[in-house]
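For reference, the chains in residue letters:
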Amino acid sequence: MTGPALYHIHPSPLGELLLTSNGEALTGLHLPGGRHPPVIGDAAEEHAEPFRAVCLQLDEYFAGRRQHFEIPLAPTGTPFQRRVWSVLLTIPFGETRSYGEVALALGSPRAVRAVGAANGRNPIAVVIPCHRVIAADGSLGGYGGGLARKESLLALENGLRPASVRGH
């Protein structure tokens, strides 16, 4: 049984992150200006307390002190999207995979475009590391939160001190 829709705004070097929860697990982490912004319904309630662990872990991640998140996740999507997001969770911190490599890991090597579409619909950015997926030629490809944010996340994971990215 799931609880009420909850949300919280958390400051980060990428701008204000919109966190959503069903009361039991994180259902969304949305970057400012994302392509697929969530709709916060009238019944949703703003509460910081249920997001305390997630906020602490995000702060540790952005400070370079955390490589893995240990929070329950409940992303909503099609079965194929959820399979893609499961593969994304296996990409190690500081590494990248091409869309084709993700499709191959799914056992569907021809599903590169579908992988790209599922990657772009990831509702829990950063924690489900869609920023670690790049084009086959090594270019960054797209990113729902903007390429400057993707570059910043990849720089952070490679030990570089990224600049704050706001409004991109």
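Keep in mind that what you see is a predicted model, and the values were worked out from it rather than measured.

1. Describing the sheet that holds strand 4 (residues 45-46)
Strand-to-strand pairing in sheets goes through backbone hydrogen bonds, with the strands running parallel or antiparallel. Read from one edge to the other, the open sheet built from four strands follows the order 3-2-1-4, with strand pairing classed as mixed. This sheet does not close on itself; its edge strands, each paired only once, are strand 3 (26-30) and strand 4. Note that strand 1 (residues 6-10) and strand 2 (residues 17-21) share five bridges and pair antiparallel. For Leu-6, the partnering residue across the bridge sits in strand 2 and is Ser-21.

2. Some remarks on helix 2 (residues 79-88)
An α-helical turn contains 3.6 residues, so any two residues separated by three or four positions project in the same direction. What helix 2 keeps buried is the set Gln-81, Val-84, Trp-85, Val-87 and Leu-88. One face of helix 2 carries all of its buried residues, which in axial projection span an arc of 155°. Contacts from the buried residues of helix 2 go to helix 3 (99-105), helix 4 (112-120) and strand 6 (133-134).

3. A look at the nonpolar core
One recurring pattern in soluble globular proteins is that nonpolar side chains are buried together. In this structure, Leu-19, Leu-29, Leu-58, Leu-88 and Val-126 are the most contacted members of the largest nonpolar core, which totals 37 residues. For this core, the elements supplying multiple residues, two or more each, are strand 2, strand 3, helix 1 (52-62), helix 2, helix 3, helix 4 and helix 5 (147-157). The dominant element in this core, judged by the number of residues it contributes, is helix 1, at five residues.

4. Things to note about the confidence of the model for the chain
For the chain, mean pLDDT is 89; residues scoring 70 or higher make up 90% of the total. Looking across the chain, the model is least confident in strand 4, with a mean pLDDT of 85, and most confident in helix 2, with 98.

5. Overview of the packing of aromatic side chains
All chains considered together, the criterion is met by three aromatic pairs. Ring geometry for Tyr-61 against Phe-62: centres 5.3 Å apart, planes inclined by 70°, an arrangement best described as edge-to-face. Residues Tyr-61 and Phe-62 agree in their burial class; the two are buried. Measuring from ring centre to ring centre gives 5.4 Å for Tyr-61 and Phe-69, while their planes differ by 45°; the resulting arrangement is tilted. Taking the relative accessible area as the measure of exposure, Phe-69 reaches 18% and is therefore buried. Linked through ring pairs, Tyr-61, Phe-62, Phe-69 and Phe-93 together constitute an aromatic cluster.

6. Quick word on the environment of Thr-27
Mapped onto the elements of the fold, Thr-27 is located in strand 3. Residues contacting Thr-27, with those up to four places away along its chain left out, are Thr-20, Ser-21, Asn-22, Ala-74, Pro-75, Pro-123 and Ile-124. Among the polar contacts listed, one links the side chain of Thr-27 to the backbone nitrogen of Ser-21, at a separation of 3.4 Å.

Rules and cut-offs
Residues numbered from 1 in each chain as written. Predicted model: local features only at pLDDT ≥ 70, side-chain atom pairs only at ≥ 80, totals over all residues. Heavy atoms only, no water. Pairing = 2+ DSSP bridges. Helix = DSSP H or I, 4+ residues; strand = E, 2+ residues; numbered from the N terminus. Buried < 20%, exposed > 50% of the residue type's maximum accessible area, 1.4 Å probe, protein only. Arc of directions from axis to C-beta. Contact = heavy atoms within 4.5 Å. Core = buried A, V, L, I, M, F, W, Y, C linked by side-chain atoms within 4.5 Å. pLDDT = per-residue confidence, 0-100. Phe/Tyr/Trp six-rings, centres within 6.5 Å; stacked < 30°, edge-to-face > 60°. Polar contact = N/O pair within 3.5 Å; in protein donor to acceptor, adjacent residues only side chain to side chain.

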